[in-house]
Amino acid sequence: MDTAAIHPRQRERSAPRVVKRSFQLPKPVRTALVYITLWIAFIWAVFPFYWMIATSIRPKDEIFQRPPSLILNGATLQNYIDLLVGAQFWRFAMNSLLLTVSVTIISVLISVTAGYAMARHRFKGSVTLPLFMLYGQMFPPVLLLIPFYVQLRFLGWLDSLWGLIPVYLSYMLPLCVWLMRGFFSQVPFSLEDAARMDGCTRWQAFWKVILPMARPGIVAVATWVMIHTWNEFLYASTFILSDTKRTLPLGLSGLIGQYTTDWGVLMAGGVLTAAPILLVFFILQKQLVSGIGGGAVKG
Amino acid sequence: MGARVYPYLMVLPAVLVVVGVVVYPVISGIMTAFYDVTLRTLNTGTAQFVGFRNFERVFADPVFVQASTNTLIWVVLNVVAQLGLGLALALLLHRAMPGIGFFRSGILVPWVVPSVVAVLTWRWMYDPSVGIANEILLKLGILDRYHPWLGDTATSLYAVTVESIWKGTPFVMLLLLAALQMVPRSILEAASMDGASGWRKLWYVILPQIRVSFAIAAVLTFILTVNNFNAIWLMTEGGPLNSSEILFTLAYKYGFQRFDLGKASAVATMLFVGLVIATTVYLKLIQAKEGD
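Residues numbered from 1 in each chain as written. Chains lettered and ligands numbered in written order. Predicted model: local features only at pLDDT ≥ 70, side-chain atom pairs only at ≥ 80, totals over all residues. Heavy atoms only, no water.

Chemist: Sorry if this is basic, but what is going on with the layout of surface pockets here?
Modeler: Think of a ball as big as a water molecule: rolled over the atoms, this probe shows where empty space is left. The computed volume of the largest pocket comes to approximately 1900 Å³. Lining the largest pocket are 45 residues, with V34 of chain A together with L91, L92, R95 and G198 of chain B sitting closest to its centre. Sorting the residues of the lining of the largest pocket by element identifies α1 (8-23) and α2 (27-56) of chain A together with α4 (62-93), α5 (100-112), α8 (156-180), α9 (185-193) and α10 (198-209) of chain B as the ones contributing at least two each. Counting residues per element, the lining of the largest pocket draws most heavily on α2 of chain A, at ten residues. Considering only enclosed or pocket space, the second largest pocket measures out at about 530 Å³ in volume. What lines the second largest pocket is a set of 23 residues, among which F233, S237 and S253 of chain A together with W233 and E237 of chain B lie closest to the centre. Elements with a minimum of two residues in the lining of the second largest pocket: α12 (234-239) and α13 (248-254) of chain A together with α6 (115-125), α12 (230-235) and α13 (247-256) of chain B. Tallied by class, the residues present in the lining of the second largest pocket amount to 13 nonpolar, seven polar and three charged. (1 Å grid on protein atoms, 1.4 Å probe; cavity = no way out; pocket = protein on both sides within 12 Å on 5 of 7 lines; lining within 4 Å. Points joined across faces, edges and corners; volume = space filled by probe spheres on them. Helix = DSSP H or I, 4+ residues; strand = E, 2+ residues; numbered from the N terminus. Nonpolar A, V, L, I, M, F, W, Y, C, P; charged D, E, K, R; others polar.)

Chemist: Is there a simple way to explain the domain arrangement of chain A in this structure?
Modeler: By a widespread convention, an interface's size corresponds to the accessible area lost as its parts come together. All names here are of chain A. Taken domain by domain, chain A holds domain 1 (3-56) and domain 2 (81-298). Taken together, the five residues of domain 1 in the interface contact seven residues of domain 2. The three residues of domain 1 that bury the most area against domain 2 are M52, T55 and S56, which together make up 79% of that side's buried surface. Between the two partners, domain 1 and domain 2, sit zero salt bridges. Between domain 1 and domain 2 we count zero residue pairs in polar contact (both at pLDDT 80 or more) in total. Within the side of domain 1 that touches domain 2, the residues separate by chemical class into three nonpolar, two polar and no charged. (Domains from an automatic or database assignment. Contact = heavy atoms within 4.5 Å. Buried area = accessible area lost by both parts, 1.4 Å probe. Salt bridge = Lys/Arg side-chain N within 4 Å of Asp/Glu carboxyl O. Polar contact = N/O pair within 3.5 Å; in protein donor to acceptor, adjacent residues only side chain to side chain.)

Chemist: Explain the pattern of salt bridges to me, please; I cannot follow it from the model alone.
Modeler: Opposite charge on two side chains makes pairing possible when the charged atoms of those side chains draw close. Residues and elements named next belong to chain A. For the structure on display, the rule yields eleven salt bridges over all chains. Across the pair R120 and D193 runs a salt bridge, and its minimum N-O distance is 2.9 Å. Of this pair, R120 sits in helix α5 (residues 87-120) while D193 sits in helix α9 (residues 190-197), and the two are 73 residues apart along the sequence. Under the relative-accessibility criterion, D193 is labelled partly exposed at 39%. Note that D243 and R246 form a salt bridge whose closest N and O atoms lie 3.5 Å from each other. Among the residues examined, D243 registers a relative accessible area of 43% and is labelled partly exposed. R246 sits in the partly exposed class, given a relative accessible area of 23%. (Buried < 20%, exposed > 50% of the residue type's maximum accessible area, 1.4 Å probe, protein only.)

Chemist: Looking at this structure, I do not really get the interface of chain A and chain B. What am I missing?
Modeler: With 93 residues of chain A at the interface, the matching set in chain B holds 101 residues. For the pair chain A and chain B, the summed buried area comes to about 8600 Å², and 81% of that belongs to carbon and sulfur atoms. Across the chain A-chain B interface, the total number found is zero salt bridges. In this structure, the connection of chain A to chain B is made through seven residue pairs in polar contact (both at pLDDT 80 or more). Among the residues forming the side of chain A that touches chain B, the class breakdown is 67 nonpolar, 18 polar and eight charged.

Chemist: Would you explain the packing of helix α10 (residues 202-213) of chain A against helix α11 (residues 215-231) of chain A in this entry?
Modeler: Geometrically, a packed helix pair is captured by the angle between its two axes and the distance between the axes. Residue and element names in this part refer to chain A. Following both chains from N to C, one finds α10 and α11 inclined at 65 degrees, their axes separated by 4 Å at the closest point. By the angle class used here, α10 and α11 are roughly perpendicular. Touching L211, P212 and M213 of α10 are R215, P216 and I218, all from α11. Taken together, the residues of the contact of α10 with α11 sort by class into five nonpolar, no polar and one charged. (Axes fitted to C-alpha atoms, helices over the stretch in contact; angles between N-to-C directions. Parallel < 35°, antiparallel > 145°, perpendicular 65-115°, else oblique.)

Chemist: Hey, could you run me through the UniProt feature "transmembrane region" (unreviewed entry) in chain A in this one?
Modeler: Residues and elements named next belong to chain A. UniProt feature "transmembrane region" (unreviewed entry): in the numbering of this structure it lies at residues 32-50, 96-119, 131-150, 162-184, 205-227 and 263-284. Between the C-alpha atoms that bound residues 96-119 there is a distance of 33 Å. The span itself is 100% helix and 0% strand. Taken end to end, residues 205-227 has its terminal C-alpha atoms 31 Å apart, with 96% of it in helix and 0% in strand. (UniProt positions renumbered as here; feature names shortened; annotations may be inferred.)

Chemist: So what exactly am I meant to see when it comes to the packing of aromatic side chains here?
Modeler: When we look at a pair of aromatic rings, we describe it by the centre distance and by the angle of the planes. Under the criterion given, the structure shown has 38 aromatic pairs over all chains. Between F229 of chain B and Y252 of chain B, the ring centres sit 4.8 Å apart and the planes meet at 55 degrees, which makes this aromatic pair tilted. Separated by 23 residues along the polypeptide, F229 of chain B in the loop between α11 (211-226) and α12 and Y252 of chain B in helix α13 bring together distant segments of the chain. Each of the two residues, F229 of chain B as well as Y252 of chain B, counts as buried. Among the aromatic residues, those joined into a ring-pair cluster are F148, Y149, Y171, Y235 and F239 of chain A together with F229, W233, F248, Y252, F256 and F259 of chain B. (Phe/Tyr/Trp six-rings, centres within 6.5 Å; stacked < 30°, edge-to-face > 60°.)

Chemist: Which parts of the structure should I look at to understand the nonpolar core?
Modeler: Proteins that are soluble and globular tend to have nonpolar side chains buried together. Judged by nonpolar contacts, the single largest core of 191 residues is most densely connected at L164, Y235 and F239 of chain A together with Y282 of chain B. Looking at which element gives the most residues to this core, the answer is helix α8 (residues 161-184) of chain A, with 16 residues. Formed jointly, this core draws a minimum of three residues from each of two domains, domain 1 (3-56) and domain 2 (81-298) of chain A. Each residue touching Y235 of chain A, except ones within four places of it in the same chain, is listed here: P141, L144, L145, F148, L164, V167, Y168 and Y171 of chain A. (Core = buried A, V, L, I, M, F, W, Y, C linked by side-chain atoms within 4.5 Å.)

Chemist: Looking at this structure, how should I read empty space enclosed by the protein?
Modeler: Inspection of every chain in the model, using the stated rule, returns two cavities of 30 Å³ or more. Its volume calculated, the second largest cavity comes out at about 30 Å³. Taken together, P48, F49 and M52 of chain A together with V113, A118, T121 and W166 of chain B make up the lining of the second largest cavity. Elements supplying a minimum of two residues to the lining of the second largest cavity: α2 of chain A together with α6 of chain B.

Structural data, given as structure tokens:
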């Protein structure tokens with residue numbers, strides 16, 4: 001058939017087919033290329049993590065040896081011992097733990113009730129309130145920093161771990177409510193009505209029927225809050241002044257010296273700070289990924 | 001009666017907290033931009049209304065111009081690289097191959113490592129005398145001698161950007177992977193049957209299908225990058241000679257090193273306006289998605 005006789009659209013469509021066939025690499029080569037790319041991405045992503053662990057278990061002279069060697073020649077726990085012998089690190093860990101637990105409990109309690117009410121009941125503002133919450137999450141911390149500073153000073157809560165709790169709530173709670181509403185709106189509420197028919201009180205129906213079904217969402221939100229509180233640096237570094245009240249990220253950054261830094265001890269601290277987060281993440285990976293992804297994209 | 005009051009009671013704590021710790025501070029922060037608040041006036045309680053004086057003083061500062069340029073470079077590089085790499089990784093990982101779970105977990109590691117720990121590790125890798133980054137680049141033949149990446153005004157901003165891209169890409173990948181998994185397989189198969197090559201399939205079939213998620217990822221990356229304080233502060237503090245200063249760190253310096261809170265609030269207010277516009281776009285996109 002003459003090419004001119006083919007409809008132009010069709011000709012356009014058939015053209016790349018020819019090109020594609022002639023340029024197609026054989027399947028084993030393509031598979032090999034994919035694996036090579038994956039390995040490059042994997043090494044790129046994991047290497048700094050490896051380097052942190054490697055530095056943390058090296059003897060001091062080897063850390064500062066030039067040129068640095070990629071492969072470990074010997075391992076020692078000396079850096080960890082140096083880090084943990086002083087009381088400082090334990091205190092930082094306790095401060096972080098205390099703060100994380102309090103902020104998590106408060107935000108989960110508040111966001112579960114609010115999220116449930118927004119998903120379950122239609123009332124004045126049940127549509128605009130969640131959007132308003134999402135807006136709250138986007139406010140730049142640097143704008144909040146100054147009023148917080150002025151307020152905490154006024155209240156005498158500067159340099160206090162308790163003073164950080166309301167500050168952290170500003171940074172977590174709006175998104176918690178938004179995510180929680182998303183999770184509750186997927187729960188079939190006919191079950192609650194059925195439980196009420198069977199003689200449950202409002203509270204029992206909520207506690208025994210709705211809450212267990214929303215559990216994956218609650219776990220995801222709680223974990224999200226835990227991780228972010230544990231890692232937070234900006235507010236803590238601005239509002240905490242004395243050494244004894246530092247949190248872990250603050251303590252770590254304090255290990256950077258003006259002239260010399262003991263990188264072995266610092267990296268050991270990094271490993272210990274990251275360990276609980278990694279542990280939580282890999283235990284809950286499935287729930288978290290679907291929770292955060294679903295919440296952020298699906299609303 | 002109970003059914004009418006319950007929802008309000010349940011929402012009340014959240015609303016109170018958000019009004020108290022988000023709405024009120026934001027308003028008070030914007031107000032501060034129009035007063036001459038310093039430590040001295042804060043102590044005596046005599047801050048005066050000065051109109052746009054703080055903004056004029058900010059615009060007159062040459063560092064502000066540099067910080068604005070740097071913020072632009074910082075945001076563009078981060079958003080483009082994170083979205084490009086994130087999409088590439090999502091496409092790579094969105095296939096059934098042996099060992100794919102292993103690669104996916106590994107590639108998520110930067111996202112999971114606490115940001116302060118990650119930044120300090122990179123600072124150590126960039127060390128000018130014994131940093132592994134220098135050694136690797138030297139071995140690969142890219143450098144001929146060690147370079148002080150964070151100490152050189154020509155490279156400091158870009159060195160921090162590399163860390164930030166490393167840290168931020170996995171989250172973009174995760175969002176796009178979730179979107180790819182919702183593209184119906186039948187559409188892809190139909191495209192292959194029609195003889196669409198890889199690139200054409202990507203451009204004409206896959207991208208239109210995930211465009212809303214892609215846009216959401218772009219806006220989120222934008223917001224997170226503008227607000228990324230830790231990376232810059234813990235590696236260079238905006239230095240040397242303001243070469244890696246962004247508006248966020250500049251506002252922080254105005255506020256908490258010079259205690260000129262009015263000037264700091266002026267910068268913060270400008271950032272706030274930019275972010276509100278971005279957030280509005282973001283919310284419109286989410287609603288477009290729900291309408292799909």
